[in-house]
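Structure assessment
One letter stands for each residue in the lines below.
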Amino acid sequence: MIASLLVSFVILALLYFLKTKKVGFGTRVILAMLLGVGVGAFFGADAIKVGTIGSIYVSLIKMIVMPLVIAMIITAVTQLTDPSQLRKLGVKTVALFLATTGIAAVIGILVALVIDPGAGVTFVKDAAFEAREIPTFDKVLLDLVPSNPINEMATGKVIPVIIFSLFIAVAILIERTRKPEKVQPFMDFINSFAGIMFRVVKLVIALTPYGVFGLMTSMAAKYGLSTLLPLGEVIIAVYIACLLHFVITFGSLVTFVARVNPFRFLKKIYPVITVAFTTRSSYATLPVNLEVITKRVKVSEKIASFVAPLGATINMNGCGGLYPAIVAIFVARVFNIDLGFTDYLLIVGAAMIASIGTAGVPGPATIATTVVLTTLGLPLEGFALVLGVDAIIDMARTAINATGTTVSALVIANSEGEFDRDAFNNDEDEELETKIA
């Protein structure tokens, strides 16, 4: 353990040295990821403690999510001159999220049918497995309503916090038409608070290379070949489906709808992909996503502040689309259950509904998969087979989720005239981090 800690300390010092030498942020993050995998694989269980560095980083990211969401939603909505814009923007955003999730489910089905990851897998019942309960419709609705905003913030429920912030923002719009002098002091406070939160975001993002190193070291130390080989085809199927969805769906939206160079777009957003891949949390990636969308993709803060928080909760192309589809095909194959075209349609429909219905519920990928399996009448016990490698799969799922939010922000901003195309085409991107004295 001491040897792994010493090596880790040297690598952290190296990453800081590279920062002082003005090595690019993205380069240092990717290097940290590769070094983390190397240290974790070499030292094995002795390097797990290094993951504490990554846990600290994730905690700092989570620390800023709730106040950032409140500030961004209020400032975004109050910038709308026409209340009908809010309805239009909301419908357009949710519709795009649902459409891309449905496409992801179709891609997941096709990849699973080609690779056939369940072939030759024998089901061994795990006595410790307990199926997650699917929340009832009235429970879902109640969970979305903010009965106690402070408690919702403390428990990490983003949707109720967004709804609470929307109520405040709409109230500000109404009061501003009647008594603007009474609303202005609060608006000045919110704008100032939002600016301060962006500065906090920059300070935390500057720690990303170190956090990524800790997270990847821990991940590589926990999972070895003995864990990955039995379900290697499931992992391969998920990663191929994610890659196809990235290239076909996101690539088409960026190239033909937003009409921008996809390679330039990829160059600008790779910090989002890297952070999402290593943290495995759309919420943890939200601050980075906001920075990338506004500073590098050149989408207006009005659109970014509305789309990004919603995307971190509702946009589940990976967790709610392609993953449940692949697991459904896998489980059906393991239990020798034939699925027809109607079943495939049910998979797509259930995945789209689950992506909205499980918003704000902990473990959305698990709940969404449970919804799909239950809809098809497939045995939930089969889901237990893939849970052993869920962390490896979750890295790709989360990267797709976060990337989808970035793409959606670009597409919606382009349709609303809130995308600065000239600034986007300028390769001199603003740095994501601030200099720390």
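Residues numbered from 1 in each chain as written. Predicted model: local features only at pLDDT ≥ 70, side-chain atom pairs only at ≥ 80, totals over all residues. Heavy atoms only, no water.

Another aspect to go through is the overall build of the protein. A tally of regular secondary structure across the protein gives 19 helices and zero strands. By residue count, 53% of the 437 residues in the protein fall in the buried class. Taking all contacts inside the protein whose residues are at least 6 apart in sequence as the whole, residues at least 24 apart take part in 86%. (Helix = DSSP H or I, 4+ residues; strand = E, 2+ residues; numbered from the N terminus. Buried < 20%, exposed > 50% of the residue type's maximum accessible area, 1.4 Å probe, protein only. Contact = heavy atoms within 4.5 Å.)

So, on to the pattern of salt bridges. Considering all chains together, one arrives at seven salt bridges under this definition. In this structure, R280 and D394 form a salt bridge, with 3.3 Å as the shortest nitrogen-oxygen distance. In this pair, R280 is assigned in the loop between α12 (262–279) and α13 (282–296) and D394 in helix α18 (residues 390–415), connecting sequence segments 114 residues apart. A relative accessible area of 9% means that D394 is categorised as buried. In this structure, D394 engages R397 in a salt bridge whose closest nitrogen and oxygen atoms are separated by 2.8 Å. (Salt bridge = Lys/Arg side-chain N within 4 Å of Asp/Glu carboxyl O.)

This paragraph deals with the packing of helix α3 (residues 51–78) against helix α9 (residues 208–222). α9 packs onto α3 with a crossing angle of 130° between their chain directions and a minimal axis gap of 6 Å. Relative to α9, the element α3 is oriented oblique. Both α3 and α9 take part in a crossing whose hand is left-handed. Seen from α3, the contacting residues are G51, I53, G54, S55, Y57 and V58; seen from α9, they are T208, Y210, G211, G214, L215 and S218. Tallied by class, residues from the contact of α3 with α9 come to five nonpolar, seven polar and no charged. (Axes fitted to C-alpha atoms, helices over the stretch in contact; angles between N-to-C directions. Parallel < 35°, antiparallel > 145°, perpendicular 65-115°, else oblique. Left-handed = near helix turned anticlockwise from the far one by under 90°. Nonpolar A, V, L, I, M, F, W, Y, C, P; charged D, E, K, R; others polar.)

Once that is clear, we can look at unusual backbone geometry. Not every positive phi belongs to a glycine, and K22 is a case in point at roughly 65°. Residue classification places K22 among the exposed positions, given a relative accessible area of 61%. For R259, which is not glycine, the phi dihedral falls at a positive 60°. Looking at the element boundaries, R259 is found in the loop between α11 (232–257) and α12.

Below, the discussion takes up helix α7 (residues 158–178). Helical geometry note: an α-helix holds 3.6 residues per turn, so side chains three or four residues apart project in the same direction. An ideal rise of 1.5 Å per residue puts 30 Å on 21 residues; α7 measures up with 31 Å between its terminal C-alpha atoms. Within α7, burial applies to V158, I159, P160, V161, I162, S165, A169, I172 and L173. (Expected span 1.5 Å × (residues − 1).)

The subject of this paragraph is the side chain of T294. Its place among the elements puts T294 in helix α13. Within the structure, the side chain of T294 is placed 2.8 Å from the backbone oxygen of L290, a separation counted as a polar contact. Among the polar contacts listed, one links the side chain of T294 to the backbone oxygen of E291, at a separation of 3.4 Å. When residues no more than four places from it in sequence are discounted, the contact partners of T294 are V299, S300, E301 and A304. (Polar contact = N/O pair within 3.5 Å; in protein donor to acceptor, adjacent residues only side chain to side chain.)

Ranked by size, the top nonpolar core spans 135 residues in total, and within it Y323 and I347 carry the most contacts. In terms of residues, this core owes the most to one element, α3, which gives 15 residues. If we ignore the near neighbours within four places in the chain, the residues touching I347 are I109, A325, A328, I329, V372 and L376. (Core = buried A, V, L, I, M, F, W, Y, C linked by side-chain atoms within 4.5 Å.)

Along α13, the largest kink reaches about 35° and is centred on V288. With respect to burial, α13 is a largely interior element, 14 of its 15 residues being buried. K298 sits one or two residues past α13 and shows a positive phi near 70°. (Bend = angle between axes of the 7 residues up to and from the residue.)

Following the sequence through the fold, R28 ends up in helix α2 (residues 25–43). Side-chain polar atoms of R28 contact the backbone oxygen of V23, separated by 3.0 Å.

When two helices pack together, you describe them by how their axes are tilted relative to each other and by the distance separating the axes. In the contact formed by α3 and helix α14 (residues 301–314), the axes pass within 8 Å of each other and the chain directions differ by 130°. In this view, α3 runs oblique relative to α14, as classed from their interaxial angle. Both α3 and α14 take part in a crossing whose hand is left-handed. In this structure, α3 uses V69, M72, I73 and A76 to contact α14, whose residues at the interface are K302, S305, F306 and P309. Tallied by class, residues from the contact of α3 with α14 come to six nonpolar, one polar and one charged.

The grouping of I236, I240, L243, L244, V247 and I248 at the surface amounts to a nonpolar patch, some 520 Å² of accessible area in total. On the secondary structure map, I248 appears in helix α11. (Patch = residues over 30% accessible without salt bridge, like charges linked within 9 Å, V, L, I, M, F, W, Y side chains within 5 Å. Areas by Shrake-Rupley, 256 points an atom, 1.4 Å probe, with all protein chains shown as cover.)

Taken as a whole, this structure holds zero disulfides when the rule is applied. Here C242 stays unpaired: no disulfide links it, and the sulfur of C319, its closest cysteine neighbor, is 9.1 Å away. With a relative accessible area of 6%, C319 lands in the buried category. (Disulfide = S-S within 2.5 Å.)

Looking now at the confidence of the model for the protein. Here the protein shows a mean pLDDT of 82. Residues at 70 or above account for 88%. Mean pLDDT across the elements of the protein ranges from a minimum in helix α10 (residues 225–228), with 55, to a maximum in α11, with 94. (pLDDT = per-residue confidence, 0-100.)

Attention now goes to the environment of D420. Looking at the element boundaries, D420 is found in the loop between α18 and α19 (421–424). For D420, a relative accessible area of 40% corresponds to the partly exposed category. C-alpha separation for the pair D420 and S300, spaced 120 residues apart in sequence, amounts to 7.8 Å.

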